[in-house]
Amino acid sequence: MTKELESKVALVTGGGSGLGRAVATRLADLGATVAVGYLNRAEVAEKTAEEIRAAGGSARALRVDVRDYEAVSAAVQELTREHGRIDILVNNAGICTASTIVSTDSTEGWTDVIQTNLVGAYHCIKACALPMMLQGSGAIVNVSSILGLVGKGGLSAYCASKAGLSGLTASLAAEFATHGVRVNAVAPGYSDDTGMIQQFPIEQKEVIINERIPLQRPAQPEEIAETVVFLTRDGSSYMTGQTMVVDGGLTSVIRGMAKTR
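Quick caveat: nothing in here was measured; it's all calculated off a predicted structure.

Novice: Which parts of the structure should I look at to understand the pattern of salt bridges?
Specialist: Two side chains of opposite charge can pair, provided their charged atoms sit close to one another. This model, assessed by the stated rule, comprises 10 salt bridges. Within the structure, one salt-bridge network assembled from shared partners comprises Arg-60, Glu-78 and Glu-82.

Novice: Any chance you could explain the pairing of strand S3 (residues 58-63) here in plain terms?
Specialist: The side chains of a regular strand alternate between both faces of the sheet. As defined by bridge partners, strand S2 (residues 33-38) adjoins S3 across 6 bridges and the pair is classed as parallel. Counterpart to Tyr-38 in the pairing with S3 is Arg-63. Taken together, S2, helix H2 (residues 42-54) and S3 constitute a β-α-β crossover, and its handedness is right-handed.

Novice: Mind showing me how you'd approach the pairing of strand S4 (residues 88-91) here?
Specialist: Alternating positions in S4 separate into two faces, Ile-88 and Val-90 on one and Leu-89 and Asn-91 on the other, with burial throughout. One ladder, built from 3 bridges, connects strand S1 (residues 9-12) with S4; its direction is parallel. For Ala-10, the partnering residue across the bridge sits in S4 and is Ile-88. Bridge analysis of S4 against strand S5 (residues 138-143) gives 4 bridges, and the strand direction is parallel. Following the sheet pairing, Ile-88 is matched in S5 by Ala-139.

What counts, and where the lines are drawn
Residues numbered from 1 in each chain as written. Predicted model: local features only at pLDDT ≥ 70, side-chain atom pairs only at ≥ 80, totals over all residues. Heavy atoms only, no water. Salt bridge = Lys/Arg side-chain N within 4 Å of Asp/Glu carboxyl O. Pairing = 2+ DSSP bridges. Helix = DSSP H or I, 4+ residues; strand = E, 2+ residues; numbered from the N terminus. Right-handed = clockwise from strand over helix to strand, strands pointing away. Buried < 20%, exposed > 50% of the residue type's maximum accessible area, 1.4 Å probe, protein only.

Structure follows, in structure tokens:
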């Protein structure tokens, strides 16, 4: 039986663990050949690739330093030489560190978040855009965050980078549409395996989960991955330029300034 994404080639940055791993695994389940992107944790990415291959899928680990355009371009060229195409890009690589503006810290930590989360996504899109345009098709999904929509004190770099991804998504969707390339984003809420929620004290996390999130639980990576992968599938063929929120209802409560409990 033919799988929906059979013959498709996908690159998932930050694909070794957490949401990236769930996305890579789901894409492979649907028949895609997946490059599991990583920066420093080669063993983690290779383990994910091995698990995909053991389940009958096609995957390999691929080192991609998203902060370095030349390195990204070389990795994408390697993929296209090997497979003749690139169909799916999931920009999942990202970091989250505390970043207060008025402090004695240097600016390097702040700019490193922007360079990884936002500029890194731009590098990957720039490297993949031309081969996608030449083949007349492609799906790009940027992993944003609800903190790009509502903000959080002390995480200004992270919030700015994720808000920037939504703006980048909207702009490039218009730019790429006539070439058959779609660009969308997913804004996840809180998930136990993300750096974002790890920035909160345990007491604050409990309040968020029990009193603010209508579904009263954090997300599982597989739940977010289903939305990411949906945006690469034919079922979303008329969707581009959108940021889809998957947060258990949290932002609806925040925006409504109301409690559900």
